[in-house]
Amino acid sequence: MKRISIILTRYNEPNYLVIPCLESLSKQKNINSIIYFLDQRNDKKIREFCRKLTNKRNKIIYKKIQAKSLSYARNFGIKLSKTNLVLFTDCDAILEENWAFELSKTFDINKKIVIVGGKSQPLWLEKTKWYHKSNIIRDIYSLFDIGDEIKQTDRIVGVNFAIRKDLLGGEAYFNKDLGRRPGSLLGGEESDLCKRTIKKNLLIYYTPNAIIKHQIQKDRMSLKWIIRRFYYGGYSKALTGGSPKTYSDKRNIYDILLLVIIIIPYLFGYLVGKLK
């Protein structure tokens with residue numbers, strides 16, 4: 001049975017999102033895991049909840065860390081981990097019981113695989129609006145589904161992926177200048193890691209069998225939040241380089257309608273990023 005580490009970080013997400021995530025992690029099957037819950041706020045109730053959930057197969061370690069950024073927290077977790085395979089998810093995800101096993105076994109397909117990503121599906125916590133039917137919007141919610149076959153890819157999403165540390169070597173880190181931080185929705189840290197991986201002629205794979213449900217809370221479903229997120233999407237793209245690219249190439253009428261709304265904040269964010 002494989003031994004793995006799982007890194008879970010929180011900035012300020014509410015407990016009603018965190019609790020089902022921790023419960024699903026404690027139920028992972030066919031794997032031996034150490035789960036590091038790196039909390040950027042001090043929560044005695046969740047600390048005790050982690051202690052009660054710990055079991056023979058899945059040990060949960062709660063640790064309070066400084067509130068700096070998502071990249072900082074993930075890098076902190078990589079340094080803490082004692083295993084070669086390190087899995088990442090977000091504290092608003094609910095994972096199927098075989099999630100960790102399916103991500104981990106995909107590395108056995110090819111010795112050059114160093115990153116594996118899985119399928120991410122939405123769990124809307126409020127009634128959806130017309131713009132939630134847009135395929136473009138899937139990107140900002142880290143929704144990822146590129147088919148029902150295991151395949152090579154050039155990208156993953158941060159809510160559902162794993163790395164192999166030995167082959168990544170000095171590239172097994174997240175750029176501290178990217179990623180979410182207090183007051184900012186900056187992203188791009190996973191894209192940066194993928195680019196560095198490809199430059200080393202190493203492989204990134206996708207498996208449809210490692211499935212998570214991404215809880216999307218009410219405040220992140222508003223058009224105001226979406227516009228702000230696209231501003232930071234443009235800003236992130238200016239820092240990471242390359243042309244804008246979405247996880248899905250499919251387009252519908254809602255994409256066209258939404259594009260009219262988000263193109264200006266995206267371009268403005270891109271310009272600000274370039275002038276930085």
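These lines cover the structure that appears in this document, whether it is placed above or below. Please read all numbers here as calculations on a predicted model, not as lab measurements.

Another aspect to go through is the overall build of the protein chain. A tally of helices and strands in the protein chain yields eight helices and nine strands. Over its C-alpha trace the protein chain gives a radius of gyration of 18 Å, about what one expects of a compact globule, namely 19 Å for 276 residues. Once the C-alpha set of the protein chain is aligned to its principal axes, its extents read approximately 50 × 45 × 35 Å. Of the roughly 13200 Å² that the protein chain leaves accessible, carbon and sulfur atoms contribute 54%.

Among the secondary structure elements, F174 is positioned in the loop between α5 (165–168) and α6 (189–199). Sequence separation of F174 and A93 is 81 residues, and the distance between their C-alpha atoms is 20 Å.

What follows deals with the pairing of strand β8 (residues 160–164). Counting buried residues along β8, five of its five residues qualify, which places the element largely inside the surrounding structure. Side chains N160, A162 and R164 project from β8 onto one buried face, and the interleaved F161 and I163 project onto a second face that is buried too. Of the strand pairs in this sheet, strand β4 (residues 85–90) and β8 are connected by five bridges, and their pairing is antiparallel. Note on β8: the bridge partner recorded for V86 is I163. Across three bridges, the pairing between strand β6 (residues 113–124) and β8 is antiparallel. Opposite V116, over in β8, you have A162 as the bridge partner.

With that settled, the discussion passes to unusual backbone geometry. Here the phi dihedral of N30 falls at roughly 60°; this positive angle occurs in a residue that is not glycine. Positive phi is not limited to glycine here, since S142 has a value of about 55°. Here S142 is to be found in the loop between β6 and β7 (151–153). Residue classification places S142 among the buried residues on the basis of a relative accessible area of 18%.

Two numbers describe how helix α1 (residues 15–26) lies on helix α2 (residues 44–53): the axes approach to 10 Å, and their chain directions differ by 15°. Classed by the angle they form, the pair α1 and α2 counts as roughly parallel. Once α1 is placed against α2, the crossing between them reads as right-handed. Between α1 and α2, the contacting residues are N15, V18, I19, L22, E23 and S26 on the first element and I46, F49, C50 and L53 on the second. Broken down by class, the residue content of the contact of α1 with α2 amounts to seven nonpolar, two polar and one charged.

Rules and cut-offs
Residues numbered from 1 in each chain as written. Predicted model: local features only at pLDDT ≥ 70, side-chain atom pairs only at ≥ 80, totals over all residues. Heavy atoms only, no water. Helix = DSSP H or I, 4+ residues; strand = E, 2+ residues; numbered from the N terminus. Rg over C-alpha atoms; globule rule 2.2 N^0.38 Å. Areas by Shrake-Rupley, 256 points an atom, 1.4 Å probe, with all protein chains shown as cover. Buried < 20%, exposed > 50% of the residue type's maximum accessible area, 1.4 Å probe, protein only. Pairing = 2+ DSSP bridges. Axes fitted to C-alpha atoms, helices over the stretch in contact; angles between N-to-C directions. Parallel < 35°, antiparallel > 145°, perpendicular 65-115°, else oblique. Left-handed = near helix turned anticlockwise from the far one by under 90°. Contact = heavy atoms within 4.5 Å. Nonpolar A, V, L, I, M, F, W, Y, C, P; charged D, E, K, R; others polar.

Spatial relationships are all this shows, so hold off on functional conclusions.
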